[in-house]
Each structure stands twice: as structure tokens, then as C-alpha cells.
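Below, each chain spelled out in residue letters.
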Amino acid sequence: MKKALSTLSILFSIIILIFCICLTATVYADEEVEASDSLTVDLSVKSIKLAKNEFKLGLKETYQLIPKNQDGIAITSGLTYKSSNTNIVSVSSKGVVKAKKIGESTVTVKYKNGKKITCKITVKNAPSSVTLDVTSATIGVNEKSLDLTSTTHNGFSKQRIYTSSDTKVAKVNSYGVVTGVSKGTAVITCETFNGKTASCKITVKKEPESITITNDNKKVQKGTNQYKIKTKLTSGSASYKISYKSSDSKVATVSSKGVVKGIKKGKATITVTAFNGINAKINISVVNENNCLSLNKVATQISYDYDNVKKYVFGKSSQGRNLEAYIITPEDKKYEETYVMTFAIHGFEDSYKRDGKVLVEEANKLIEYYAKNPEKLKSFRLVIVPCLNPDGTIAGENNLRACSDAFGRCTAKHIDMNRDFKSGRFKATESRSMRKLLEKYKPDVFTDFHGWLDEVYGTSAMCSIFQNNMNLSGKGVNYYGKDYGYIVAYVHNKYSCPAALVEYTSPKKVNHKNTYTSINKIIKKYSSKKSS
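Residues numbered from 1 in each chain as written. Predicted model: local features only at pLDDT ≥ 70, side-chain atom pairs only at ≥ 80, totals over all residues. Heavy atoms only, no water.

**Student:** What should I look at first to understand the overall build of the protein chain in this one?
**Tutor:** For the protein chain, the helix and strand inventory stands at 8 helices and 33 strands. The C-alpha radius of gyration computed for the protein chain amounts to 39 Å, which surpasses the reference 24 Å derived for 532 residues by more than 25%, pointing to a less compact arrangement than a globule. Expressed along its principal axes, the backbone C-alpha trace of the protein chain runs to roughly 160 × 55 × 45 Å. Out of the 532 residues belonging to the protein chain, those deemed buried represent 46%. Contacts in the protein chain between residues at least 24 apart in sequence constitute 63% of all its contacts with a sequence separation of at least 6. Carbon and sulfur atoms make up 50% of the accessible area of the protein chain, which amounts to about 26800 Å² in all. Side chains of the protein chain give 82 positive and 47 negative charges; the mean places of these two sets differ by 2 Å. (Helix = DSSP H or I, 4+ residues; strand = E, 2+ residues; numbered from the N terminus. Rg over C-alpha atoms; globule rule 2.2 N^0.38 Å. Buried < 20%, exposed > 50% of the residue type's maximum accessible area, 1.4 Å probe, protein only. Contact = heavy atoms within 4.5 Å. Areas by Shrake-Rupley, 256 points an atom, 1.4 Å probe, with all protein chains shown as cover. Lys, Arg positive; Asp, Glu negative; His and termini not counted. Charge placed at Lys NZ, Arg CZ, Asp CG, Glu CD.)

**Student:** Whenever I open this one, the sheet that holds strand β30 (residues 445-451) confuses me. Can you help?
**Tutor:** An order of β26-β27-β29-β28-β30-β33-β31-β32 is seen for the 8 strands of this open sheet, with the pairing classed as mixed. Two strands lie at the open edges of the sheet, namely β26 (309-316) and β32 (474-477), each paired on one side alone. Strand-to-strand twist across the sheet, computed as the mean angle between neighbouring axes with direction ignored, equals 15 degrees. In this structure, strand β28 (residues 337-343) lies alongside β30, joined through 5 bridges in parallel fashion. By the bridge assignment for β30, valine 340 is matched with phenylalanine 446. Each of β28, β29 (380-385), β30 and β33 (499-504) touches helix α8 (residues 512-526); the most contacted strand, β28, lies at about 150 degrees to it. (Pairing = 2+ DSSP bridges. Axes fitted to C-alpha atoms, helices over the stretch in contact; angles between N-to-C directions.)

**Student:** Whenever I open this one, the nonpolar core confuses me. Can you help?
**Tutor:** Considering soluble globular proteins, one finds that nonpolar side chains tend to be buried as a cluster. Core analysis: the largest hydrophobic core is formed by 38 residues, its most contacted members being Tyr339, Phe343, Tyr370, Leu382, Ile384 and Phe466. If you tally residues by element for this core, the top one is helix α3 (residues 356-372), at 8 residues. In this structure, phenylalanine 343 is in contact with Leu359, Ala363, Leu366, Ile384, Val385, Pro386, Cys387, Leu388, Phe449 and Tyr504, ignoring residues within four places of it in sequence. Ala325, Leu388, Phe426 and Ile487 belong to the second-largest nonpolar core, a separate cluster that totals 31 residues. (Core = buried A, V, L, I, M, F, W, Y, C linked by side-chain atoms within 4.5 Å.)

**Student:** Please explain the pairing of β30 as it appears in this structure.
**Tutor:** In regular strands, side chains alternate between the two faces of the sheet. Burial within β30 is extensive, with 7 of its 7 residues counted as buried. Residues Val445, Thr447, Phe449 and Gly451 of β30 are buried on one face, and the alternating residues Phe446, Asp448 and His450, pointing to the opposite face, are buried as well. Taken together, the 6 bridges between β30 and β33 define a ladder with parallel strand orientation. Note on β33: the bridge partner recorded for threonine 447 is alanine 500.

**Student:** What's the story with the sheet that holds strand β6 (residues 103-111) in this structure? I'm lost.
**Tutor:** What holds strands together in a sheet is hydrogen bonding between their backbones, with the strands either parallel or antiparallel. Read across the open sheet, the 4 strands follow the order β1-β7-β6-β3; overall the sheet is mixed. Two strands close off the open sheet at either side, each with one partner strand: β1 (54-58) and β3 (79-83). Averaged over all pairs of adjacent strands, the angle between strand axes in this sheet comes to 25 degrees, irrespective of strand direction.

**Student:** Sorry if this is basic, but what is going on with the packing of helix α2 (residues 297-305) against α3 here?
**Tutor:** The description of two packed helices rests on the angle between their axes and on the distance between the axes. Running from amino to carboxyl end, α2 crosses α3 at an angle of 20 degrees, the nearest separation of the two axes being 8 Å. Relative to α3, the element α2 lies roughly parallel. Two packed elements cross with a definite hand, and for α2 against α3 that hand is left-handed. On α3, the residues touching Lys297, Val298, Ala299 and Ile302 of α2 are Asn364, Ile367, Glu368 and Ala371. Its residues assigned to classes, the contact of α2 with α3 shows 5 nonpolar, 1 polar and 2 charged. (Parallel < 35°, antiparallel > 145°, perpendicular 65-115°, else oblique. Left-handed = near helix turned anticlockwise from the far one by under 90°. Nonpolar A, V, L, I, M, F, W, Y, C, P; charged D, E, K, R; others polar.)

**Student:** What's the story with the layout of surface pockets in this structure? I'm lost.
**Tutor:** To locate leftover empty space, one rolls a probe as large as a water molecule over the atoms. As a volume, the largest pocket reaches approximately 670 Å³. Around the largest pocket, the lining is made up of 20 residues, and of these Lys158, Gln159, Arg160, Ser174 and Tyr175 lie nearest the centre. For the lining of the largest pocket, the elements supplying multiple residues, two or more each, are β1, β2 (62-64) and β12 (160-164). (1 Å grid on protein atoms, 1.4 Å probe; cavity = no way out; pocket = protein on both sides within 12 Å on 5 of 7 lines; lining within 4 Å. Points joined across faces, edges and corners; volume = space filled by probe spheres on them.)

**Student:** Please clarify how α8 should be interpreted in this entry.
**Tutor:** A turn of α-helix holds 3.6 residues, and therefore any two residues three or four places apart point the same way. The terminal C-alpha atoms of α8 lie 21 Å apart, and with 15 residues this matches the ideal 21 Å at 1.5 Å per residue to within 8%. Along α8, the residues classified as buried are Thr515, Tyr516, Ser518, Ile519, Asn520, Ile522 and Ile523. Tucked into the core, α8 has its buried residues touching β28, α3, β29, β30, α6 (460-470) and β33. Between a side-chain oxygen at the N-terminus of α8 and the backbone nitrogen of lysine 513 the separation is 3.0 Å; the capping residue is asparagine 511. (Expected span 1.5 Å × (residues − 1). Polar contact = N/O pair within 3.5 Å; in protein donor to acceptor, adjacent residues only side chain to side chain.)

**Student:** It is not clear to me how the packing of α3 against α8 should be interpreted in this structure. Could you clarify?
**Tutor:** Put simply, α3 and α8 touch, their axes get as near as 10 Å, and they point 55 degrees apart. Compared by their axis directions, α3 and α8 come out oblique. In the crossing of α3 with α8, the sense of the turn from one axis to the other is right-handed. Facing Glu362, Lys365, Leu366, Tyr369 and Tyr370 of α3, the residues of α8 in contact are His512, Thr515, Tyr516, Ile519, Asn520 and Ile523. Of the residues contributing to the contact of α3 with α8, the split by class is 6 nonpolar, 3 polar and 2 charged.

**Student:** Mind showing me how you'd approach α6 here?
**Tutor:** For α6, the complete set of buried residues consists of Met462, Cys463, Ile465, Phe466, Gln467, Asn469 and Met470. Positive phi appears at asparagine 471, one or two residues downstream of α6, with a value of about 55 degrees.

Here's what the structure looks like:
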């Protein structure tokens, strides 16, 4: 019996001992887990990041800070927040910032292991309104290429909430990126934190099945960027985003809007691609035909692009540069009268070095305007000479009147052309070429454009139109400068036509709209088509 009790006692002691050992092991294991957990958390936050370390809020706007560790994982505990100026910005224990007063404050975010980051917050007024960069757009089904940009006015709102009136037609994400879902229309609304809204009407059409390039002309003048790729999609389809790519950017580049720039002579293929991958190609040639006058590159490209504009080289300057005229007819090519215009007979026009270039630029703009608006010509064709003195305008050295050193205002042969249009003169090769051009086209109306005397001379009706519409101070009615050999006097007398010499006020006051408005009124007055 005693032996049995002794055995039981020993067994019981062993059991107690095992239990204690297990209990101790468990406690140690738990301590190790806790220590391990604590160590893991500390080591996982080596640095703290915020979406932005500096941003703006509108007055009374709230914003949730979301600190992340170096791996971009949100930190959800162990953080403290502090504002340097709680009167301007307060911050809760959960990282919610509130803009309380206009000014600046710095919020410090600190983790329990000592790692921290600061964020500068500027408080502005709440906005009075918000606008979108696009107010209406047409996109394709499944297209995700319209990225709306909102702008607040007279204040700021960090929060911009985008919503769609019909998510079955178009949906929008929190950044304003719109996606077409199905055919139809929907309104995308952007709302600020204080309730100001702006909207954009979205029309969704089917995906394009094909894309066609419709440009007839495939020539691009070297040095220009007027050539625009024109496209046509499958009927009833849309692609808000169309991308462009050149096969050889050393020959020609193409912008995101499809505008091609000619870099050097050669050939390149432009590929046009819709949002869903449908594409088309056009092979273009960058050219410099007929040694295009550098100042007339725009006009030269216009002559390639528009059927009613023709370029005519009617001679060469003393130094071998082109004398170019641009003939612009109504769209139906039918006309009864001819209006001849000349620019930059002087390369220097008393304002600054080679300021005749300003006149040439205006002439190029007029050629483009009438190419695009042929209905304004009524019964007229235009003959525009953008640069009658290319040597002086491009390479001239001074503004001297005719003498052995005069070159700039005068031709390279030292001849002032606006004193050369007189019987017994015509000493300049440029003057003689211009005389032949006039004989060829026989003007019914004529204007010579100069700068910068702020006045107009010539036929009474023309003087009144130019003075009133170009805001010119002076006018010399029925004065043409015959005794001086002005070109306007020569044309007026030779062809018995109304004529005017226009002197712009200054290079900075060459107003394109005022110029073509004046010309349109003169065309209307002298056109055989009297309808408006």
C-alpha cells in the first residue's frame, strides 16, 4: 500500500512538473510573439509618406490624411497628428484635417517609433465657382480618353466630386476620367466641397470601324506647321482621342492635334490611330518647290492646301530671291474684277531693323483668310504680293534713302522702289517685274501697304474705309504721289482704277481683323455682286 502511494506521489509530482514546464514555455512563447509583433511593426515603418507634402484647402473644407510606409502600405495605428497652428488648421487623432481660417499651418504626422513627416497646408477662401476645361464632348463606346480638368475661381476646393447623370451611358472616376458605356447622352457634373458645380455634356457613339484621312494635298512646305491632318470616322461613330505618329521625325513631325511640321525635304508616313486601335496612313512629301521665299512659307503651304489659291513667281530680286504673287479666286473660280495688293516695297519702314517683315506676315495672314473664306471675295479675285522687296526685307542693312550705301529700305541695287514707278525710271529689276505682273492682271482696285505714318492716301472712298476701320489718324484724299514715282500713282493712272496707299500706325498695331474688314468693305463697294 505504501509502495503504491509512493508511486502515485512520484507520478503526480512528474505531472505537476510537466505542467509547470509547459506553462512556462507558453508564457515565454507568448512574450516572444508580442515582442516579435512589436518589432515587426516598428521595422515595417522605416519612413512615412503622404500623397502630397504641400496642398491647399478651401475654408471649412475637411480632408483625410492617409500616411503610408515606404512600400506604399497604409499605416492604420500608432500615429499621432499635430498642427502648428490650430486656429488655421485642426487635425483629429484619426488624421482628419479641417481648414478653419485663411493662412498656413504645418501638420506633423509621427509614428510611435519616432519616424515622422510634415505637411504644409494653405487655407484659401471657399471657391465662388468651378469650371471644366471641356463643356461638351463626343466619345466612343468603351473609350476612356476624356480626362476632365476642373478649375476653381476666387478660392479653392481640394475635393472635386465627379458624378454621371446616367452611368449606363457614361461613367466617371474620382479623377474626372470619363468612359463611354453605351450609345446615348449623359451629363458629367463636378462638385466642390461647398456645393459649386460645373457640367459637361457627353455624347456616346459606337466605336469606329474605320478611319479615313481626307487630305487631298500631300505636300508640306519645309519650315511650316500649317498642314493639318483631316480625318473621317465610320458614320455614327466617335473617337475623342486620335493619336498621330510620324515615321521619320527628321523629315516631318506631327503634333497631338495632327498638325504636321516640315523639317527637311524628304518623305514620311503619318499614322493616325483612333482610341480602339483603328488606324490609317498618309504618305507626305516635305518640299521646297520653286525655292520658296522664306517669308512666304505660310502662303506657299496655303497654295498647296486650297484649290482656289495659286502661287505665281513673277521674277527674281537682284540677289536672286523669288518675287511671289498669290492668286486667290472665289470658290467657283468665277470673277469679274481683280484687286491687286502689294506689301513691303520697303524692307525697312522707319520703326526698327527689317520691320517690313511685319507687313509680309500680315499679307500671309490675308492669303490664309481668303483661302478659308472665299465667299468674301464676291466677284473679285485677289493678287497679293506679300514682299515686293525681299532682299531689303531679309538681308537689308539700313534705312537710308537711295544712295550708294542704301540697302534695306532700298533694294540691293540701292533703288527705292516706291520712287521708281515713273516714266523713264523702272531702274530696279523688281519694279520691272512688278510692272509686267500688273500688265498681266490689270487691276480694277489697288492698295499698297506701308508703315508707320498712321495715314492713308488715294481714292476718297477707299481712304474713308481704311481710315475708319483701321483707326488711322490722317488721310490724303485724291493724293497719289505721282511726282515722286509712287507705285499707287502709277497703277491709278495707268489702269484708271481706285487705289490707296495705306500706312499702318505701328508694328504693334497691325490688327489683322481691321485689315480684312477694310478689304471686305472695299470688295463689297466695287464688286459687281452687290448683295451682302
